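Chain by chain, the residues:
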Amino acid sequence: MSGLKFRILLTIIVIVLAAQTPCHAQVRSQAVATVRFTVEPSIFVSPTDTVKTQVDEDSNQPGEISIGTVFYIKANFTRVGTYVTATDLYKDGLVDGNVKPIPLKLSGGSNIEPFSAHVVGGQGNTVSFDEETTLEGFPARSSNSLEFESDQPGRFVQDVLVTLTWEQNDPRKPPGKYIGKVKLVAFFIPD
């Protein structure tokens, strides 16, 4: 047998054998992927109501004026830090007016009272004003912060009463509406 005939015969045998060998197709495969989703801390604060706690609104008598404002806090965590920023009360809301404002009482601070939470660390609910700042164009003061833990499982969803005091010591204060701003800041505290 010549070399060429041998190669042709060998090629034919290989082709015939390859055609007769069953071919196994892969009909199933699998893989596992790890998926991740992070739930970020989320918090929402909104004023809901203002409550006069002392002194008639139309009173021109000297003395302390205490006003409570209710804020609503909704958070997907249980520990919330808070602080207050507040302004003096300006006649007709005019900072540059001719009438001196009714000053915010700095010595008494502000009370922050959640309806269903307690102060962490056992301190009281009163904060002091220590930092000068501005609030919507008004000169203002910001307080130190307080940390609260909700009595609700896994969340902090409740009203918070913020009570501030102003000192109206001028018996000749012109009548009219005196307007100021109060802001409650709430923030995430990790467990």
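Residues numbered from 1 in each chain as written. Predicted model: local features only at pLDDT ≥ 70, side-chain atom pairs only at ≥ 80, totals over all residues. Heavy atoms only, no water.

Enquirer: Tell me what's going on with the overall build of the chain, and back it up with residues and numbers.
Expert: Helices and strands together make up the secondary structure of the chain, namely one helix and 13 strands. In the chain, the succession of helices and strands from N to C terminus is α-β-β-β-β-β-β-β-β-β-β-β-β-β. Residues counted as buried form 30% of the 191 residues belonging to the chain. Surface accessibility of the chain: about 12500 Å² in total, with carbon and sulfur atoms responsible for 54%. (Helix = DSSP H or I, 4+ residues; strand = E, 2+ residues; numbered from the N terminus. Buried < 20%, exposed > 50% of the residue type's maximum accessible area, 1.4 Å probe, protein only. Areas by Shrake-Rupley, 256 points an atom, 1.4 Å probe, with all protein chains shown as cover.)

Enquirer: Talk me through the pattern of salt bridges; I want residue IDs and the actual numbers.
Expert: When the charged atoms of two side chains lie near each other, side chains of opposite charge can form a pair. Per the counting criterion, the structure on display carries six salt bridges. Of the charged contacts in the structure, one is a salt bridge between Glu149 and Arg79, with a shortest N-O distance of 3.7 Å. With Glu149 in strand E10 (residues 146–150) and Arg79 in strand E3 (residues 79–87), this residue pair connects regions lying 70 residues apart in the sequence. Take Glu149: its relative accessible area is 25%, and that puts it in the partly exposed class. Across the salt bridge formed by Glu132 and Arg141, the nearest N and O atoms sit 2.9 Å from each other. The partly exposed category is assigned to Arg141, whose relative accessible area is 22%. (Salt bridge = Lys/Arg side-chain N within 4 Å of Asp/Glu carboxyl O.)

Enquirer: Requested: an account of the pairing of E10, with residues and values cited.
Expert: By the alternation rule, side chains of E10 split into Leu146, Phe148 and Ser150, which are all buried, and Glu147 and Glu149, of which none is buried. Looking at chain direction, E3 and E10 are connected through four bridges and run antiparallel. The partner of Gly81 across the bridge, within E10, is Glu147. Both strand E6 (residues 117–119) and E10 contribute to a ladder of three bridges, which runs antiparallel. Within E10, the residue paired with His118 across the bridge is Glu149. (Pairing = 2+ DSSP bridges.)

Enquirer: Let's hear about the packing of aromatic side chains: which residues, and what values?
Expert: Counted under the stated rule, the structure contains three aromatic pairs. With a centroid separation of 6.4 Å and an interplanar angle of 50°, the aromatic rings of Tyr83 and Phe187 are classed as tilted. Residue Tyr83 is found in strand E3, and its partner Phe187 is found in strand E13 (residues 182–188); the two are separated by 104 residues along the sequence. For Tyr83, a relative accessible area of 26% translates into the label partly exposed. (Phe/Tyr/Trp six-rings, centres within 6.5 Å; stacked < 30°, edge-to-face > 60°.)

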